[in-house]
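Remarks on the overall topology
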Amino acid sequence: MQGLRDSSGGASRNLMSAAPNDATATHVESLPTGELNAGPHAHPADWRLGFWSLIATQFQGAFNDNALKFLVIYLIVERNFPSAVRDRFILLVGALFAIPFIFFSLAGGYFADRYSKRSVTIGTKFFEIGVGLFATAALAAGNLPMETAAVFLISTQGALFGPSKYGLLPELLPENKLSWGNGVIELGTFIASITAVMGAGYLADAFRGRHFWSGIILLGLTMIGLLSSLGISRVPAANPARKFRVNPLGDLGGQLRLISADRVLAWAVVGNTYLWFLAALLQFVIVVYGHDVLHVDESQISYLQAAVGIGIGVGSLAAGYLSRGKIETRLVPIGAIGMTLFGFLVSRHGLGIWPVRADLCLLGLFGGFYAVPLNALIQHRPKREEKGGVIAAANLLTFVGVFLAAGVYYELSSREGISPGGIFLAGAIMTLVAAFHAIFLLPDLQSH
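The structure presented is a predicted model; accordingly, all values stated were derived computationally and were not measured. (Residues numbered from 1 in each chain as written. Predicted model: local features only at pLDDT ≥ 70, side-chain atom pairs only at ≥ 80, totals over all residues. Heavy atoms only, no water.)

1. Quick look at the pattern of salt bridges
Inspection of every chain in the model, using the stated rule, returns nine salt bridges. Between Arg 208 and Glu 78 there is a salt bridge, with the nearest N and O atoms lying 2.8 Å from each other. Here Arg 208, found in the loop between helix H7 (178-206) and helix H8 (212-229), pairs with Glu 78, found in helix H3 (residues 48-78); they are 130 residues apart in sequence, far enough to count as distant. Using a relative accessible area of 46% as the deciding quantity, one classes Arg 208 as partly exposed. One salt bridge connects Arg 381 with Asp 262, and the closest N-O pair in it is separated by 2.7 Å. Residue Arg 381 is located in the loop between helix H13 (353-380) and helix H14 (387-415), and its partner Asp 262 is located in the loop between helix H9 (252-260) and helix H10 (263-293); the two are separated by 119 residues in the primary sequence. (Salt bridge = Lys/Arg side-chain N within 4 Å of Asp/Glu carboxyl O. Helix = DSSP H or I, 4+ residues; strand = E, 2+ residues; numbered from the N terminus. Buried < 20%, exposed > 50% of the residue type's maximum accessible area, 1.4 Å probe, protein only.)

Okay, structure coming up:
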């Protein structure tokens, strides 16, 4: 835990050490989105069809990503491996889900800048169809190595899609709708995650020994996502002259320099990375907490995951409306304090399933308050021709956080023998550090 805290703090110090550029001279306590970036926005006059098509496409993609990931985790738990073996497999699944975002997010950023983001989105859906066929074969065979490979491939598709997905928001939406749009997309994403985790539990039970049908269902949903992607508004390429670099991490240094030159953007990226780390850590812990502590089946475990997702979705939508056409950075420390409080509460011994659900839901709600302003800042502050690359770098860093979460979970559970409740407590302590980051750096940002 100390190593992770040093890593987060070091990232914060390095990113904050650079002098702010002219863009940071704007007061950020409650920022009108139109003041953050003077660059042009190509959003269509009638943005609704394109925006809601993007939301539907994102919903389906998030559902399939999470459903496949958790279906494989449930299938691992079902096999009744010794706990050490089980934890290693869960670590492997978490790592394979995170690694593509580390290595391929910048490639996704290149495609998002070089080509129309709509075209990239449609192209990734065709890629997802191929992944769905492979996953169906893996599930039908009951082959665990192939199933984990399918998790890697579906995550690769998500890494290539992510920069276009978030980059489309400021191109499709009027500027005063950006925080609202972030709230909607976060709500949709976490509703998709909720239903995916619940759906994975259902598939694990309903098609035990017949998971060919699980693959067919997921493949059918991908076809629906492809159709919805066709409704996204046509937008021009942001930077058609951008050159491709074969090294998947070759652009990272340049993107980090762009981020570190803007104190507000750097603050948002660091906070967003921590949020993804915490969310991934909680996902691992909840599965084992339900199985080992509450002694409930996969369906009940999926309801615990759903409680977090419901909270994040409602909190995200509420944050979007509370922002009232602005990027309301004051919601970030409120969210961090709330996550800390309910992280402590859920770590208590002897809780029944309903108090655990309530604490997890409220933890998620404050997570939504924390997430929405950070996402809006990351999408809006870069120049139009730099958005894809910066968003890709931010995505990469968030999945470095996800990757670290898998390692921290394994270290705490298997190496240190800490109980699931103890890992919840460790998460709350780390979130307290994030709360200090949000509270004490926010006034400094407001003074520039």
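Next comes the rest of the account.
2. Topic: H13
Compared with an ideal rise of 1.5 Å per residue, which puts 28 residues at 40 Å, H13 spans 41 Å between its outermost C-alpha atoms and is within 8% of the ideal. Where burial is concerned, most of H13 is hidden: 21 out of the 28 residues are buried. (Expected span 1.5 Å × (residues − 1).)

3. Some thoughts on the packing of helix H4 (residues 83-114) against H10
When two helices pack together, you describe them by how their axes are tilted relative to each other and by the distance separating the axes. For the pair H4 and H10, interaxial distance at closest approach is 11 Å and the crossing angle is 150°. The angle between H4 and H10 falls in the class roughly antiparallel. Crossing hand, H4 versus H10: right-handed. Residue-level contacts link Arg 86, Ile 90 and Gly 94 of H4 to Phe 284, Val 288, His 291 and Asp 292 of H10. Looking at the contact of H4 with H10 residue by residue, the class counts come to three nonpolar, two polar and two charged. (Axes fitted to C-alpha atoms, helices over the stretch in contact; angles between N-to-C directions. Parallel < 35°, antiparallel > 145°, perpendicular 65-115°, else oblique. Left-handed = near helix turned anticlockwise from the far one by under 90°. Contact = heavy atoms within 4.5 Å. Nonpolar A, V, L, I, M, F, W, Y, C, P; charged D, E, K, R; others polar.)

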